[in-house]
Amino acid sequence: MNHTHASSGTTYASSSTGPGIDAAKVAALAEETLDWRFKALPATAHGLTVRDFLAGRPTLAGLGTPLLTLDAGALDHNLTTMARWCAGAGVALAPHGKTTMAPALWQAQIEAGSHGITLANLPQLRVARAFGVDRIQLANTLLDPAGLGWLAAELDADPGFAFTSWVDSADSVRLMDQALRAAGARRPVEVLVELGGPAGRTGARTPAEAVRVAEAVLAAPTLRLAGVGGYEGALAHDAGDEALATVRGYLRRLAELHRALAGRYESPRPLVTAGGSAYFDTVVEELKPLDDALVVIRAGAYLAHDDGFYRGISPLARGAGTPLRPALHGWARVVSHPEPDLSLLDAGKRDLPFDEGMPEPQRVRTASGAVTLDGTGARIRQLNDQHAFLVGAGGRAPVGAVVRLGLSHPCTAFDKWTMIPVLDDADSAEPQVVGLVRTYF
């Protein structure tokens, strides 16, 4: 069953034009006044705009601790490396914006050739629209009636806004259709049928079940069947043979679902999407042969990369291409040395990610210079809310010294900071602050 809609607007899979973002609104972030809201910045910055603060050529030494920073060279490397990899593989990239929630970084990704921006929930979607992002994939099901009313108004008001959402059950289709009808939506919402897997996250559990969801979409006048998608990362967590076999099997079922729906899609070019930052090479191997569809991967952590989980699991660390570089660092000061082999640092769970591994002590900065901790056995034993327990460094980490920490899992790093300094080179003797990245969580 196909529907005729009075107003269709731009479709997500259209490749005639690239995505947009309001560059003027992003540029206006340079005029934001700095104050106590931004814990990364010293009191001497209060009252200055971002532009004026950077004009003073601040350095790392002038910032306080705890601190999270980004490395400009690593960001640039990762941005271009991933863009080139996707172009060479012949797939589109819609990076997951939830990782950074930073419009300035989204703009860089869009300008590097990204097909769109992926998001995970309604608040993130509102941030993106506030900055004029006009091609968005919501990798989730939106059922909030008030949110669907807002979305309907956005779509109706802006024919150039291209949007897709996910559905995984007839119930979700029914609730979306009811809310959109109640809101008086004139333009249909493009949806992708989500395929999941046993013990995984959301998604219909079998291709046959997913086909039934697609049939419900085809019967809903406020929705348009635009493709299929899912998230293989919910089914595996390492790069071992068993995990990769699980991922490959899932992707083959996703391809099977797409083939079962061939000829029934309501968009000119169906969309098939999968691929976080861990298995995008396997996604390309299994889905790229579907040459009747636009294949979109949604990696988000690649831009910052890390010194932990993604360092080990990224396809580009496993031989699929040029390796990425870690752009995230934590900085914490030794505030106590109560035992010979224990130093307490002034950064904890409120400041640094810890869900995919403890921060990794890398080097110590003191008044007399820097000392590496590589090969010393130094490690962070645990984190409290505001303290890190450093063991194995001994006298190399005296009271007052600043320890640089490698971090694991960017997705739980950015959300702890509203403003993140960008350093020209985190490895230099005196890094300079060359940018400030504003986040919106």
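Scroll up to find the structure this text is about.
Residues numbered from 1 in each chain as written. Predicted model: local features only at pLDDT ≥ 70, side-chain atom pairs only at ≥ 80, totals over all residues. Heavy atoms only, no water.

1. Focus on the pattern of salt bridges
If you walk through the whole model with that rule in mind, you get 23 salt bridges. As a salt-bridge pair, Glu286 and Arg252 come within 3.0 Å of each other at their nearest N and O atoms. Here Arg252 lies in helix α9 (residues 241–260) and Glu286 lies in helix α10 (residues 280–287), a separation of 34 residues in the sequence. Residue Glu286 is classed as buried on the basis of its relative accessible area of 14%. In this structure, Glu430 and Arg365 form a salt bridge, with 3.6 Å as the shortest nitrogen-oxygen distance. In this pair, Glu430 is assigned in the loop between β17 (419–423) and β18 (433–438) and Arg365 in strand β12 (residues 360–366), connecting sequence segments 65 residues apart. Taken together, the shared-partner salt bridges in this structure form one network comprising Glu32, Asp35, Arg37 and Arg438. (Salt bridge = Lys/Arg side-chain N within 4 Å of Asp/Glu carboxyl O. Helix = DSSP H or I, 4+ residues; strand = E, 2+ residues; numbered from the N terminus. Buried < 20%, exposed > 50% of the residue type's maximum accessible area, 1.4 Å probe, protein only.)

2. What to know about the sheet that holds strand β3 (residues 117–119)
If you walk across this open sheet you meet the eight strands as β2-β9-β8-β7-β6-β5-β4-β3, and the pairing is parallel. Looking at the sheet topology across the chains shown, the edges are occupied by β2 (92–93) and β3. Packing of helix α8 (residues 207–218) onto the sheet brings it into contact with β5 (162–167), β6 (189–194) and β7 (223–229), and relative to β7 it is tilted by some 160°. (Pairing = 2+ DSSP bridges. Contact = heavy atoms within 4.5 Å. Axes fitted to C-alpha atoms, helices over the stretch in contact; angles between N-to-C directions.)

3. With respect to the packing of aromatic side chains
Counting across every chain of the model gives four aromatic pairs. Summarising the aromatic geometry, the rings of Trp85 and Phe280 are spaced 4.9 Å apart at their centres and angled 75° between planes, so their arrangement reads as edge-to-face. Taken as a pair, Trp85 in helix α3 (residues 72–89) and Phe280 in helix α10 lie far apart in primary sequence, 195 residues in all. Residues Phe161 and Phe163 carry aromatic rings whose centres are separated by 5.9 Å and whose planes lie at 55° to one another, so their mutual orientation is tilted. Using a relative accessible area of 0% as the deciding quantity, one classes Phe161 as buried. (Phe/Tyr/Trp six-rings, centres within 6.5 Å; stacked < 30°, edge-to-face > 60°.)

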